[in-house]
Amino acid sequence: MVANKSLTFKRVHETPTVAGQDIAVESREFDLDQELPSGSILVQVLYVSFDPFMKGRMVEKPVMGPYKLNEPIPNTALAKILRSNNEAFPVGALVRGEFPISQYAVTTAEELHAGWAHLIQNSLDFPLETFLAALGMPGLAAYASLYEIGKPKRGETFYVSAAAGAVGHVVGQLAKREGLRVIGSVGSDEKADYLVNELGFDAVFNYKKETVDEGLARLAPDGIDIYYDNVGGETLDAALLRMKTYGRIVACGAISQYTRVQGPYTGYGVTNLFNITVKRVIMAGYIVSDSNMGPKYGAEHMQNLSKWIAEGSFKSKSTVVDGIDNSADGFGSYSFERLHRASAQYYYEFTFIDGPTTCQPAPGIASVYPGPYLCWYRTPTTKSVTRAHNRVRSIMAEKGPFEGVMGFSQGAAVAASMILHHELESPWAPPLFRFAVFIGSPLPFSHSLKYGIDTRAYFGVPHNLNCRPFTDYKRPSKVPGHLITPDRYLKGNSDDDDEGQGRDGEVSTNETLKQIAADEEIYYQMFHSTADEVRMKIPTVHIFGRQDPWYLHSKDVLQLACPEQASVLEHCYGHEVPRHLSEEICDLIESAVASVECY
Ligand SMILES: NC(=O)c1ccc[n+]([C@@H]2O[C@H](COP(=O)([O-])OP(=O)(O)OC[C@H]3O[C@@H](n4cnc5c(N)ncnc54)[C@H](OP(=O)(O)O)[C@@H]3O)[C@@H](O)[C@H]2O)c1
């Protein structure tokens, strides 16, 4: 069983939605292993759209069906399929459809059909919320209705209200592409600037600073050919007066009326309807799911907008409220003052991998944990680092791919070593991991003599003539004292085998090590920013303590990361994961995850 948090409908209300009172985040138990009825899927919900009509389903007499009290609120969402009993919806795929605003859900075949569920291929690597914005329902609604009802013609004048919303900013850009003169109205100067300067609208007015009538008289003195109505009420009334003969009005929505329409006569009474007759205006409403709308234009919309967004000639803008815990506040404060919103939640699946080699416990560990104690290598020779890499790579092939890597102590150093080698050896390939978290990490070792500082001396290995590494580029002539590995960490045979046994199945002493080194080649190559130009070009999180013996190492690991993508939590403790800082640690990790759009 896991906890499953949901955004739940608590109370019918007419006034602005109050988080915790009208809607609330509630947690219920959920069985991830429950038996799935035939045709159903179990999903983890990733992003949910917050749409204006949702508020209209929370009032006393909703035009669209009411939400069920004390039940999770459903809406269009993007979800990852965790389990499936439906061949059309395979495990691991991304699905868009109607799902409860919950962390997890089971959806039957009938619900999948009714909720228009279909798989999403993100082959162009768009931010996922794009599939709920320009590439989602609002974008499709804009696309289909503009062509089906608006019938745009080059040179015409086009006016869109709520122009910076999810529908408005898409339809305005489409009308621009068709060669129309595009005017918008919005509720802030910031939005107006964005539409004109970033999206290329011809003119935008702030309806809070001048009336719609004044704005249209100023910016469309010759009248409007197409009014794209998102707002209704007084805005529609003003636009009706300015319509040209044979103009078209696309009645997309009436956001100003959603909390006013409680009965047939309580909304704003439009007074200028007679203009429809005298100017022979065609005004038509639609619902995006109508057969002549979404279904007719879906493929064309997805194909065109994907191409335009990818090439940079079209923009999809949305505001994201992070985390299901913030969804009630996010919706509650949703006074339709901002750009379109989506709510995201993150899902983590961990694969824990142990080092293969037994070792002595680190100082202080034996009293809290009885063992067995495992590590990736007892000492980091080039050979044992190679074996560690190979082992991680085989686990990645079997259980991956993995989005990110998180390691503590030596595990973190192995991860850093793999990331750096990947940068050096396959710079053209996609990164091995998209983000990395290093906790109490010593400096990473290399498996190649081409990289790093030669630290044999500090491992008691004599430099003899037969085993000198290349020294073909800048190496520090003096290695800083803190890079010398403390004796107590040099516990083992330098040449451990994969089964965790040393050469003789015994932990060796430094004397044995010197003996081995005398008759075969043993190298220790430590990555260091003063010797190596390579950097980890992914978001990294570095957590380390000022009392940790590896403190200075951890600070040096930071130098091997990209400063603009690295976040640091330096604490006052030792070589440990400071549990009471878990919130801070989670925040850093979530920021790294968010920056690479993992799901
Ligand atoms: N027919 C369909 O199938 C269909 C499909 C999708 C959407 N819609 C409708 O399309 C409209 C826009 O939806 P959306 O998803 O683009 O919304 P959105 O992204 O949530 O944006 C809504 C915007 O409306 C503006 N607004 C809110 N209250 C207003 C008021 N009283 N007067 C004037 N402007 C107001 C706000 O912007 P400012 O700060 O600029 O005021 C707000 O940001 C809504 O009416 C929606 O119901 C219809």
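Thresholds applied
Residues numbered from 1 in each chain as written. Predicted model: local features only at pLDDT ≥ 70, side-chain atom pairs only at ≥ 80, totals over all residues. Heavy atoms only, no water. Pairing = 2+ DSSP bridges. Helix = DSSP H or I, 4+ residues; strand = E, 2+ residues; numbered from the N terminus. Axes fitted to C-alpha atoms, helices over the stretch in contact; angles between N-to-C directions. Contact = heavy atoms within 4.5 Å. Phe/Tyr/Trp six-rings, centres within 6.5 Å; stacked < 30°, edge-to-face > 60°. Buried < 20%, exposed > 50% of the residue type's maximum accessible area, 1.4 Å probe, protein only. Lys NZ or Arg CZ within 6 Å of the ring centre and 35° of its normal. Patch = residues over 30% accessible without salt bridge, like charges linked within 9 Å, V, L, I, M, F, W, Y side chains within 5 Å. Areas by Shrake-Rupley, 256 points an atom, 1.4 Å probe, with all protein chains shown as cover. Salt bridge = Lys/Arg side-chain N within 4 Å of Asp/Glu carboxyl O. Lys, Arg positive; Asp, Glu negative; His and termini not counted. Charge placed at Lys NZ, Arg CZ, Asp CG, Glu CD. Arc of directions from axis to C-beta. pLDDT = per-residue confidence, 0-100. Parallel < 35°, antiparallel > 145°, perpendicular 65-115°, else oblique. Left-handed = near helix turned anticlockwise from the far one by under 90°. Nonpolar A, V, L, I, M, F, W, Y, C, P; charged D, E, K, R; others polar.

1. Describing the sheet that holds strand β23 (residues 540–545)
And step 1. Sheet architecture is open: four strands sit in the order β18-β19-β23-β24, paired in parallel fashion. Of all strands in the sheet, those bounded by a partner on one side alone are β18 (404–408) and β24 (566–571). On average, each strand axis in the sheet is inclined to that of its neighbour by 10 degrees, with strand direction left out of account.
And step 2. Sheet analysis places β23 next to β24, joined by six bridges and oriented parallel. Within β24, the position partnered with T540 by the bridge is A566.
And step 3. Packed on one face of the sheet, helix α12 (residues 410–425) meets β18 and β19 (435–439) and runs near 140 degrees to β18.
And step 4. Contacts between helix α14 (residues 551–559) and the sheet are confined to β19, β23 and β24, with β23 contributing the most and set at about 165 degrees to the helix.

2. Observations concerning the packing of aromatic side chains
And step 1. Scanning all chains against the criterion turns up 13 aromatic pairs.
And step 2. Ring centres of F544 and Y551 lie 5.9 Å apart, and the angle between their planes is 55 degrees; this geometry places the pair in the tilted category. Residue F544 shares its accessibility class with Y551, and that shared class is buried.
And step 3. Three or more aromatic residues joined by ring pairs make a cluster, and in this case those are Y143, Y147 and Y297.
And step 4. The residue whose ring lies beneath R177 is W308, and the NZ or CZ to ring-centre distance is 3.8 Å.
And step 5. Its end group placed over the ring of Y194, K317 keeps NZ or CZ at 5.3 Å from the ring centre.

3. A look at a negative patch on the surface
And step 1. Taken together, the side chains of D322, E583, E584, D587 and E590 present a region of like negative charge at the surface.
And step 2. Overall, E583 belongs to the exposed group, its relative accessible area being 57%.

4. Re the sheet that holds strand β8 (residues 157–160)
And step 1. Across the sheet, six strands lie side by side as β10-β9-β8-β11-β12-β13; this open sheet has parallel pairing. Each edge of the sheet is formed by a strand with only one pairing partner; in this case those strands are β10 (203–206) and β13 (282–285). Between one strand axis and the next, the sheet turns through 15 degrees on average, direction left out of account.
And step 2. Here helix α7 (residues 233–242) sits on the sheet in contact with β8, β11 (224–229), β12 (243–251) and β13, set at roughly 155 degrees to β12.

5. Here we look at helix α6 (residues 212–219)
And step 1. Among all positions of α6, only V212, G215, L216 and L219 are buried. In a view along the axis of α6, the buried residues occupy a sector of 95 degrees, so they form one face of it.
And step 2. Where the residues of α6 are buried, they touch β8, β9 (181–186), β10, β11 and α7.

6. Describing the pattern of salt bridges
And step 1. Using the criterion set out here, one finds 16 salt bridges in the structure.
And step 2. Measuring nitrogen to oxygen at the nearest pair gives 3.0 Å for the salt bridge that ties D22 to R11. Residue D22 is located in the loop between β1 (2–9) and β2 (23–30), and its partner R11 is located in the loop between β1 and β2; the two are separated by eleven residues in the primary sequence.
And step 3. Looking at D22, the relative accessible area reads 0%, which means it is buried.
And step 4. Judged by its relative accessible area of 38%, R11 falls in the partly exposed class.
And step 5. Note that K296 and E148 form a salt bridge whose closest N and O atoms lie 2.8 Å from each other. With K296 in helix α9 (residues 294–311) and E148 in helix α3 (residues 137–150), the pair connects residues that are 148 residues apart, well separated along the chain.
And step 6. For K296, a relative accessible area of 48% puts it in the partly exposed group.
And step 7. The structure contains a network of salt bridges with shared partners spanning K10, E26 and R28.

7. A few points about the pairing of strand β3 (residues 41–50)
And step 1. With respect to burial, β3 is a largely interior element, ten of its ten residues being buried.
And step 2. Note that β3 and strand β4 (residues 74–84) share seven bridges and pair antiparallel. Across the sheet, Q44 pairs through a bridge with K80, a residue of β4.
And step 3. Where β3 and strand β6 (residues 104–107) come together, four bridges link them in antiparallel fashion. Along β6, the bridge assignment pairs V43 with A105.

8. Some words on the side chain of H421
And step 1. With respect to the helices and strands, H421 occurs in helix α12.
And step 2. Looking at H421, the relative accessible area reads 2%, which means it is buried.
And step 3. Setting aside chain neighbours within four positions, we find H421 in contact with H389, S426, S446, H447, S448, Y451 and F527.

9. Brief notes about the confidence of the model for the chain
And step 1. Residues at a pLDDT of 70 or more form 86% of the chain, whose mean pLDDT is 86.
And step 2. Long-range and interchain partners of residues 334–341, a stretch whose pLDDT sits below 50, account for 32 contacts in this model, where long-range means more than four residues apart.
And step 3. For the stretch residues 465–477, pLDDT sits under 50, and the model shows 33 contacts to residues farther than four places along the chain or on other chains.

10. Points about the packing of α3 against helix α4 (residues 168–177)
And step 1. The N-to-C vectors of α3 and α4 enclose an angle of 40 degrees; their axes lie 8 Å apart at closest approach. In this view, α3 runs oblique relative to α4, as classed from their interaxial angle. Where α3 crosses over α4, the two elements pack in a sense that is right-handed. Taken together, the residues of α4 that come into contact with α3 (itself represented by G139, A142, Y143, L146 and Y147) are V170, V171, L174 and A175.
And step 2. Its residues assigned to classes, the contact of α3 with α4 shows eight nonpolar, one polar and no charged.

11. Let's talk about helix α5 (residues 189–198)
The α-helix winds at 3.6 residues per turn, so residues separated by three or four positions along the chain end up facing the same way.
And step 1. Of all the residues in α5, the buried ones are K191, A192, Y194 and L195. Around the axis of α5, the buried residues are gathered within 160 degrees of arc, so they sit on the same side. Every exposed residue of α5 that faces more than 90 degrees away from the buried side is listed here: E190 and N197.
And step 2. Next to the buried residues of α5 lie α4, β9 and β10.
And step 3. Phi turns positive one or two residues past the end of α5, at G200, with a value near 80 degrees.

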